[in-house]
Amino acid sequence: GALTRSDPYQEGSKLLITFGAPIAHPDDPFRATATALEMQHQLQQLNEQLTLELPDELHLPTYIEMRMGITHGQAFASEVGWKQRREYTVMGDDVNLAARLMSKADMGDILISERVYNRVDRFFVTESREPMQMKGKSRPVHAYKVLSWEGSITEVSRTSNTRFVGRDTLLL
């Protein structure tokens, strides 16, 4: 994955981490979900370390929290902006959906779209969420909360039937 952007958000900062852009892998949904779980684990360890190192009067139940939304689909990926200030970004319906899932997630939760769930369900323990109304969607969106690992990484498919669009040079 690649950290594409960091923006201020209502409750802290928002990170946009892309998998599959600029370089695609058949197992990008797995990579994104596994990375999210590892980020969650590392943040938990940091919070535990802060509790050990800080004086009692500074103790909090949690020091740093995060929530994540993960989707999979087609997106526009390119440099955008004025020639003096260009940045690489991704745009599209699935990018917006990831942001909406993140905003609906509770702190500490990872929500994945149904499309991601269909690609990774045998590797992770998940919990189905009630379908949610989302801005820009005519029908409720079904999402899943990722709880933990299940299965073996050696079972991850390294091939895909996902169409490459505008990636002819990567297929050489």
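Right above here is the structure, for reference.
Reading guide: rules and limits
Residues numbered from 1 in each chain as written. Predicted model: local features only at pLDDT ≥ 70, side-chain atom pairs only at ≥ 80, totals over all residues. Heavy atoms only, no water. Phe/Tyr/Trp six-rings, centres within 6.5 Å; stacked < 30°, edge-to-face > 60°. Helix = DSSP H or I, 4+ residues; strand = E, 2+ residues; numbered from the N terminus. Buried < 20%, exposed > 50% of the residue type's maximum accessible area, 1.4 Å probe, protein only. Pairing = 2+ DSSP bridges. Axes fitted to C-alpha atoms, helices over the stretch in contact; angles between N-to-C directions. Contact = heavy atoms within 4.5 Å. Core = buried A, V, L, I, M, F, W, Y, C linked by side-chain atoms within 4.5 Å. Expected span 1.5 Å × (residues − 1). Arc of directions from axis to C-beta. Polar contact = N/O pair within 3.5 Å; in protein donor to acceptor, adjacent residues only side chain to side chain.

For the structure on display, the rule yields five aromatic pairs. Arranged with centres 5.3 Å apart and planes meeting at 75 degrees, the rings of F30 and F123 form a pair that is edge-to-face. Of this pair, F30 sits in helix 1 (residues 28-53) while F123 sits in the loop between helix 3 (114-120) and strand 7 (124-128), and the two are 93 residues apart along the sequence. As far as burial versus exposure is concerned, F30 and F123 are alike and both buried. Both rings, one in F30 and one in W149, keep their centres 5.8 Å apart while their planes meet at 65 degrees; by these two values the pair is edge-to-face. You can see F30 sitting in helix 1 and its partner W149 sitting in strand 8 (residues 143-149), a full 119 residues away along the chain. Looking at F30, the relative accessible area reads 7%, which means it is buried. Judged by relative accessible area, W149 falls into the partly exposed class, the value being 44%. Linked through ring pairs, F30, F123, F124 and W149 together constitute an aromatic cluster.

Our focus in this paragraph is the sheet that holds strand 3 (residues 68-70). The strands that make up a sheet pair up through hydrogen bonds in the backbone, lying either parallel or antiparallel. Strand order in the open sheet made by the four strands is 3-6-8-7, with mixed pairing throughout. If you trace the sheet from one side to the other, it starts and ends with strand 3 and strand 7, each paired once. Averaged over all pairs of adjacent strands, the angle between their axes in this sheet comes to 35 degrees, without regard to strand direction. The strands touched by helix 1 within the sheet are strand 3, strand 6 (110-113), strand 7 and strand 8, with strand 8 carrying the most contacts at an inclination of about 65 degrees.

Right, let's talk about the environment of G12 for a bit. Inspection of the secondary structure assignment puts G12 in strand 2 (residues 12-18). G12 sits 52 residues away from I64 along the chain, and the two C-alpha atoms are 9.5 Å apart.

Right, let's talk about the nonpolar core for a bit. By size, the foremost hydrophobic cluster in this structure holds 18 residues, and its most contacted members are F30, I70, I110, I112, V120, F124 and V146. Broken down by secondary-structure element, the contributors of at least two residues to this core are helix 1, strand 3, strand 6, helix 3 and strand 8. Among the elements that take part in this core, helix 1 stands out by supplying six residues, more than any other. When near neighbours in sequence (up to four residues on either side) are disregarded, I112 contacts T33, I70, L101, Y117, V120, T126, A143, Y144 and V146.

Here five bridges tie strand 4 (residues 76-80) to strand 5 (residues 87-91), and the two strands are oriented antiparallel to one another. Among the inter-strand pairings, E79 is bridged to a residue of strand 5, identified as Y88. Where strand 4 hands over to strand 5, the hairpin turn is made up of six residues, of which G81 adopts a positive phi near 110 degrees.

A separate point is helix 2 (residues 93-104). Between its first and last C-alpha, helix 2 extends 16 Å over 12 residues, near the 16 Å set by a 1.5 Å rise per residue. All buried positions along helix 2 are accounted for by D94, V95, L97, A98, L101 and M102. Angular distribution of buried residues about the axis of helix 2 spans 160 degrees; they occupy a single face of the element.

Locating D7 in the fold gives a position in strand 1 (residues 2-9). D7 sits in the partly exposed class, given a relative accessible area of 27%. Apart from the residues within four sequence positions on either side, D7 is in contact with G12, S13 and K14. Of note is the side chain of D7, whose polar atom sits 2.9 Å from the side chain of R5.

A word on the side chain of D27. With respect to the secondary-structure elements, D27 resides in the loop between strand 2 and helix 1. With a relative accessible area of 5%, D27 lands in the buried category. Within the structure, D27 has its side chain in polar contact with the side chain of R31 (distance 2.7 Å).

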